[in-house]
Amino acid sequence: MNLKIKPDEFSELLSRLNKVWRVYAPSAEYRGGRFSDTDNVIYQPVSAWSDIVWQEKSHMSPNTVITPITETLFYFDKETIQIAEVDTTPMLIFARACDINAMSRLDYMYLQNGGNADYSYQLLRDKIRFVLIECEESFDNCFCVSMGSNRTEAWSAAVRFSDEGAKVCVKASELLPFFANLGEACDYTPGFVEQNKEQVRTPDSVCDDPQKIRDILTHHPLWQAYDSRCISCGRCTTGCPTCTCYSLFDVAYEENPQRGERRRQWASCLIPGFSDMAGGHGFRPQPGNRLRYRALHKVNDYKARAGTQHMCVGCGRCDDRCPQYIKFSLIINKMTDAVEQALAQEANL
Ligand code: SF4
Ligand code: SF4
């Protein structure tokens, strides 16, 4: 079913949806932005047309509502453990193609990696549906086309927003009743971005052996420049729709320290101490080491392990957010050039 819906009808649609679903979309956090007098565009519950920011890329990904920044896993006392309740109210998330594609990476990491499915992620996962936000054109720093994540069919409905209202394509029968008596029929098929200004070649385009790529890049001098440029703030990882690292810690209650809760909280492999072990040994002491680890994970190691796509979906948020203007798309191209040169040198020996 395809409909053209005016803004006030869209608000009515959201109010109907909110009776059954938790509805999340990119929305402005007033004056929470990176620069003074700017808003932060993050995923928040929406109940009216004016709540949704569709004109720009969100600064944070839907990760913040799927795997919260801080989450209690269980409560404990001296003898018992009680698993924390997971809110399994169905979730409808407005997201762009790259972020919907990122879900397959989260699914692998939370449900398959290590052979154990994550309890709370698994309970929630079946309840999540997506409304595709059509990108009419590419935003700054996006390289989704190179990463093959510019297209998706994993949506229940798709929307093209404009100042006049929205064109909606509804695919899932479970959503049809919410549209009763709204809008007028129209022709609409969601389109996808087919070209980005930024283009990358990933290392596997010049070498089909992930271990060889690792061998060439692990001690390559290209990372040294980032020892001084990267300030290890972790902003690149917190905006990433495919980052899944977290730390675990126990909080003991002040009134009774034998009772408490175990929480997990997002962590970043770019921050000093992330890989430190008992005894104080750290595997990646320099910012360049940590950047190399992240880059290899995103465009080599994850794919070698999961066997499907690269982890990075090319949303460009790490580039958007880096205070040091470090461009991940440029790093990927530098990695591939370095592998290509090393292979050429080997061939000429
Ligand atoms: S590594 Fe950067 S471009 Fe790739 S998915 Fe993460 S934030 Fe987006
Ligand atoms: S956002 Fe930039 S400076 Fe901060 S950790 Fe990431 S690469 Fe380094």
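Residues numbered from 1 in each chain as written. Chains lettered and ligands numbered in written order. Predicted model: local features only at pLDDT ≥ 70, side-chain atom pairs only at ≥ 80, totals over all residues. Heavy atoms only, no water.

- For the chain, the name recorded in an unreviewed UniProt entry is Anaerobic sulfite reductase subunit A, with Phytobacter massiliensis as its organism.

1. Topic: the side chain of threonine 244
- Structurally, the position occupied by threonine 244 is in the loop between helix H8 (235-238) and strand S11 (246-253).
- Classification of threonine 244 as buried rests on a relative accessible area of 12%.
- In contact with threonine 244, not counting residues within four places along its chain, are Leu106, Met109 and Tyr110. (Helix = DSSP H or I, 4+ residues; strand = E, 2+ residues; numbered from the N terminus. Buried < 20%, exposed > 50% of the residue type's maximum accessible area, 1.4 Å probe, protein only. Contact = heavy atoms within 4.5 Å.)

2. Points about the packing of aromatic side chains
- Here the structure, examined in full by the defined rule, presents 10 aromatic pairs.
- Through a chain of ring-to-ring contacts, the aromatic side chains of Phe10, Trp49, Trp54, Phe94 and Phe161 assemble into a single cluster.
- Positioned above the aromatic ring of tyrosine 246 is the side chain of arginine 264, whose terminal nitrogen or guanidinium carbon lies 4.7 Å from the ring centre.
- In this structure, arginine 284 packs its charged tip against the face of tyrosine 293, placed 3.6 Å from the ring centre. (Phe/Tyr/Trp six-rings, centres within 6.5 Å; stacked < 30°, edge-to-face > 60°. Lys NZ or Arg CZ within 6 Å of the ring centre and 35° of its normal.)

3. Side note on the site of ligand 2
- Neighbouring ligand 2 are 13 residues, the closest being Cys230, Cys233, Gly234, Cys236 and Cys322.
- In terms of residue class, the shell around ligand 2 is made up of nine nonpolar, three polar and one charged. (Near = heavy atom within 4 Å. Nonpolar A, V, L, I, M, F, W, Y, C, P; charged D, E, K, R; others polar.)

4. Section: helix H3 (residues 97-112)
- Helix length check: H3 (16 residues) gives 23 Å between terminal C-alpha atoms against 22 Å at 1.5 Å per residue, within 8%.
- Counting buried positions along H3 yields 13 of 16 residues, so the element is predominantly enclosed.
- At the exit of H3 stands glycine 114, carrying a positive phi of roughly 85°. (Expected span 1.5 Å × (residues − 1).)

5. Some points on the nonpolar core
- Counting residues in hydrophobic clusters, the biggest one holds 29 residues, and the most contacted among them are Leu217, Trp223, Phe328, Ile331 and Met335.
- Of all the secondary-structure elements, those providing two or more residues to this core are helix H6 (210-218), helix H9 (287-306) and helix H11 (328-348).
- The dominant element in this core, judged by the number of residues it contributes, is H11, at seven residues.
- When sequence neighbours within four positions are dropped, the list of residues in contact with phenylalanine 328 reads Phe143, Ala295, Lys298, Cys312, Cys318 and Asp319. (Core = buried A, V, L, I, M, F, W, Y, C linked by side-chain atoms within 4.5 Å.)

6. Brief notes about the sheet that holds strand S7 (residues 128-133)
- Spatial ordering of the open sheet is given by S3-S2-S6-S7-S8-S9-S1-S10, a layout of eight strands whose pairing is mixed. Each edge of the open sheet carries a strand with a single partner, namely strand S3 (40-45) and strand S10 (184-185).
- Inspection of the sheet shows strand S1 (residues 2-5) paired to S10 by two bridges, in the antiparallel sense. Of the residues in S10, the one forming a bridge with leucine 3 is alanine 185.
- Running over the sheet, H3 touches S3, strand S6 (91-95) and S7 and is turned about 150° from S7. (Pairing = 2+ DSSP bridges. Axes fitted to C-alpha atoms, helices over the stretch in contact; angles between N-to-C directions.)

7. Thoughts on the domain arrangement of the chain
- Along its sequence, the chain is carved into domain 1 (2-185) and domain 2 (203-348).
- Distance from the C-alpha centre of domain 1 to the C-alpha centre of domain 2: 25 Å.
- Contact residues are listed per partner, giving 41 residues for domain 1 and 46 residues for domain 2.
- Buried surface at the junction of domain 1 and domain 2, summed over both partners, amounts to about 3,700 Å²; 52% is from carbon and sulfur atoms.
- Summed over the three residues of domain 1 that lose the most area to domain 2, namely Arg34, Phe76 and Arg105, the buried surface amounts to 19% of that side.
- At the boundary of domain 1 with domain 2, the tally comes to five salt bridges.
- The partner of lysine 57 in a salt bridge is aspartate 320, with the nearest N and O atoms 2.8 Å apart. (Domains from an automatic or database assignment. Buried area = accessible area lost by both parts, 1.4 Å probe. Salt bridge = Lys/Arg side-chain N within 4 Å of Asp/Glu carboxyl O.)

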